[in-house]
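# Notes for the structure review
Listed below are the residues making up each chain.
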Amino acid sequence: MNVAMNIPIDTIYMNHASIGPTTRQVNNLLQETTSQLSRYGEAALDLDKMIATWDNVRSLTANLIGGSQDGIINSTNTASGLHIAADLMVGEYHSNGNIVITELEFTTNSYIWQQIVARYDMELRVAGFDGQHFEFEDKIDNSTVLVCISFVQFSNGYRADLKRIAQLAHDHGAKIAVDAIQGLGAVPIDVEDLDIDFMASGLYKWMLGPMGTGIAYIKPQLLEEHDSFLVGWFSDQNFEQMSHHEFHPWADARRFQQSLGPIFYAIERTVEIISELNPQKTFQHILALQDKLIANLEDSTYQLDTVLETSHRSGILRFKHPAAEQVVNKLKEEGTITSFRDNGIRISPHFHNTTEQITTLSEQMLAIDQDL
Ligand SMILES: Cc1ncc(COP(=O)(O)O)c(C=O)c1O
């Protein structure tokens, strides 16, 4: 598939860990649908087409993440997917219980659980990171209800060993929820193989989808024992009957699909594009670009601050530099977009970036360092 980007020719964009620029195909679809809505309102909507698209999105997503379509719905962002997981777990919260996160988590994945433990009089345990591994051993025990962790850490790009952590959680009778936004679209994932209970992700970073869109996965077996009030009109099997009636929710995860709209056409194209690019190939391309950058900066002031062990790599690299924030600002003035995170320069290239761009970025970074 020929995927076109709208990024200007004089801009080098390596900040997909922040916002992924929407592809031209998705942007065109968004413009088309909003323009139709602005002209014709409800007359622009084709419910049958939207429902068929919804089914296709769930099937495409299932192929992309390796789970069953029965466990997949669309949310608006990562937090809204994690809210479903948090609410489905309510029956298992108890005052001796604990929830385990890590010290590297993005705020979303800490705030939600801070709120839950306060409400249910539980304990939030934060596993440390020793620079190579998470220190879960004295955190996860038989009172742990849920372990919630990012697939890839937003700040230093550390990819979690999800299989081991899921196993550890399950051995103690706990569930595992994964915030996948920093990996999905760049790093292959298989929720069934990893034995993940819940996964949530926005589609607006590495998936290059529209802001305000996301996916959530719930292991289908959990739907038999767990329920949530987080429902909307599409949660009902007879949603086309709009006046008040008894609630007959879908047996599968569609029970938590709160709404549907023409944004689904853009979501469908987003998932199609990332799937056709092939996550395995995308990841290999990203790693090759990163390797070149690491080699180019090897003997410089830039100190790599990302774990390079293969199983922990992702789309993100972070470099330390005494004037990291200035470097990021100066790069921006030169049209190269990265970001400043945790006193470091976070660089997150994607499938469309080239080795020539890596050469330019390296030259810019070395020249900025000389000038400082
Ligand atoms: C790991 C991680 N989780 C979540 C988010 C954002 O959450 P949401 O999609 O709910 O806006 C980010 C954004 O940077 C992130 O890096």
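These figures come from a predicted structure and were not determined experimentally. Chains are numbered independently. Their residues run from 1 in the order of the written sequence. Local features in this predicted model are restricted to residues of pLDDT 70 or higher, and side-chain atom pairs are both shown and tallied only at a pLDDT of 80 or more, whereas totals for entire chains, interfaces and linings draw on every residue. Excluding hydrogens and water, the side-chain values take into account all heavy atoms of the structure.

Any two of the Phe, Tyr and Trp rings considered here, Trp counted by its six-membered ring, make a pair once their centres fall within 6.5 Å; the pair's planes then place it as stacked at under 30 degrees, edge-to-face at over 60, or tilted in between. All told, the structure shown has 11 aromatic pairs when counted by the stated rule. Measuring from centroid to centroid gives 5.7 Å for Phe-134 and Phe-136, while their planes differ by 55°, and the two rings are tilted. Note on exposure labels: buried denotes an accessible area under 20% of the residue type's maximum, exposed denotes more than 50%, and partly exposed covers the range between, all computed with a 1.4 Å probe on protein chains only. The buried category is assigned to Phe-134, whose relative accessible area is 5%. What makes Phe-136 buried here is its relative accessible area of 1%.

Take a negative patch on the surface next. Only residues whose relative accessible area exceeds 30% and that form no salt bridge are eligible for patches; like-charged ones are grouped when within 9 Å, while nonpolar side chains (Val, Leu, Ile, Met, Phe, Trp, Tyr) are grouped when within 5 Å. Accessible surface area values rest on a Shrake-Rupley calculation with a 1.4 Å probe, where residue burial reflects the displayed protein chains alone. Whenever a carboxyl oxygen of Asp or Glu lies within 4 Å of a side-chain nitrogen of Lys or Arg, that contact is scored as a salt bridge. Note that His is not counted, nor are the chain ends; the positive residues are Lys and Arg, and the negative ones are Asp and Glu. Every charge is mapped to an atom, namely NZ of Lys, CZ of Arg, CG of Asp or CD of Glu. Side chains of Glu-103, Asp-130, Glu-135 and Asp-138 sit close together on the surface and give a patch of like negative charge. Relative to the assigned elements, Glu-103 resides in the loop between strand 3 (98–102) and helix 4 (108–119). The secondary structure listing takes helices from DSSP runs of H or I that are at least 4 residues long and strands from runs of E that are at least 2 residues long, numbered from the N terminus.

The ligand sits among Asn-77, Thr-78, Ala-79, Phe-106, Thr-108, Ser-150, Phe-154, Asp-179, Ile-181, Gln-182, Tyr-204 and Lys-205. One of the side-chain nitrogen or oxygen atoms of Asp-179 is found 2.5 Å away from a nitrogen atom of the ligand. We call two N or O atoms a polar contact when they sit within 3.5 Å, provided that within protein one can donate a hydrogen and the other can accept it, with sequence-adjacent residues counted only if both atoms are side-chain atoms. Note that an oxygen atom of the ligand is positioned 2.9 Å from one of the side-chain N or O atoms of Gln-182. When the ligand is considered free in solution it has 400 Å² of accessible area, and contact with the protein chains removes 87% of it. The nonpolar class holds Ala, Val, Leu, Ile, Met, Phe, Trp, Tyr, Cys and Pro. Asp, Glu, Lys and Arg form the charged class, and all remaining residues, Gly among them, are polar. Considering only residue class, the shell around the ligand consists of 5 nonpolar, 5 polar and 2 charged. Residues are labelled near a given molecule or strand when at least one of their non-hydrogen atoms is within 4 Å of it.

A few words now on helix 5 (residues 162–171). Within helix 5 the residues assigned to the buried category are Leu-162, Ile-165, Ala-166, Leu-168 and Ala-169. With its buried residues spanning 160° around the axis, helix 5 presents them on a single face. On its buried face, helix 5 is in contact with strand 6 (144–150), strand 7 (175–179) and helix 6 (191–194). The first or second residue beyond helix 5 is Gly-173, which carries a positive phi of 75°. In this description, the arc belongs to the directions extending from the helix axis to the C-beta atoms. The contact rule is simple, with two residues in contact once any of their heavy atoms fall within 4.5 Å.

What follows covers the packing of helix 10 (residues 324–333) against helix 11 (residues 355–371). Where helices are involved, their axes are fitted lines through C-alpha atoms of the stretch in contact, as for all axes, and angles between N-to-C directions lie from 0 to 180°. Two numbers describe how helix 10 lies on helix 11: the axes approach to 10 Å, and their chain directions differ by 125°. Considering their axes alone, helix 10 and helix 11 lie oblique with respect to each other. Classified by chirality, the crossing of helix 11 by helix 10 is right-handed. Here Val-327, Lys-330 and Leu-331 of helix 10 come into contact with helix 11, specifically with Leu-361, Gln-364, Met-365 and Ile-368. Each angle receives one of four descriptions, namely roughly parallel if under 35 degrees, roughly antiparallel if over 145, roughly perpendicular if within 65 to 115, and oblique otherwise. Crossings are assigned a handedness: left-handed for a near helix turned anticlockwise from the far helix by less than a right angle, right-handed for a clockwise turn.

The next subject is the domain arrangement of the chain. Its domain assignment divides the chain into domain 1 (12–21 + 278–371) and domain 2 (26–276). Each of domain 1 and domain 2 has a C-alpha centre, and these two points are 28 Å apart. Summed over both partners, buried area is the accessible surface (1.4 Å probe) that two parts give up on being assembled. With both sides pooled, the region where domain 1 packs onto domain 2 buries about 2,300 Å², and carbon together with sulfur makes up 56% of that total. Of all residues in domain 1, the largest losses of buried area upon contact with domain 2 belong to Pro-279, Val-307 and His-312, amounting jointly to 24% of the total for that side. Where domain 1 meets domain 2, there are 0 salt bridges. Linking domain 1 to domain 2 there are 17 residue pairs in polar contact (both at pLDDT 80 or more). Among the elements that take part in the side of domain 1 that touches domain 2, helix 9 (residues 279–296) stands out by supplying 5 residues, more than any other. Here the bounds of each domain stem from an automatic or database domain assignment.

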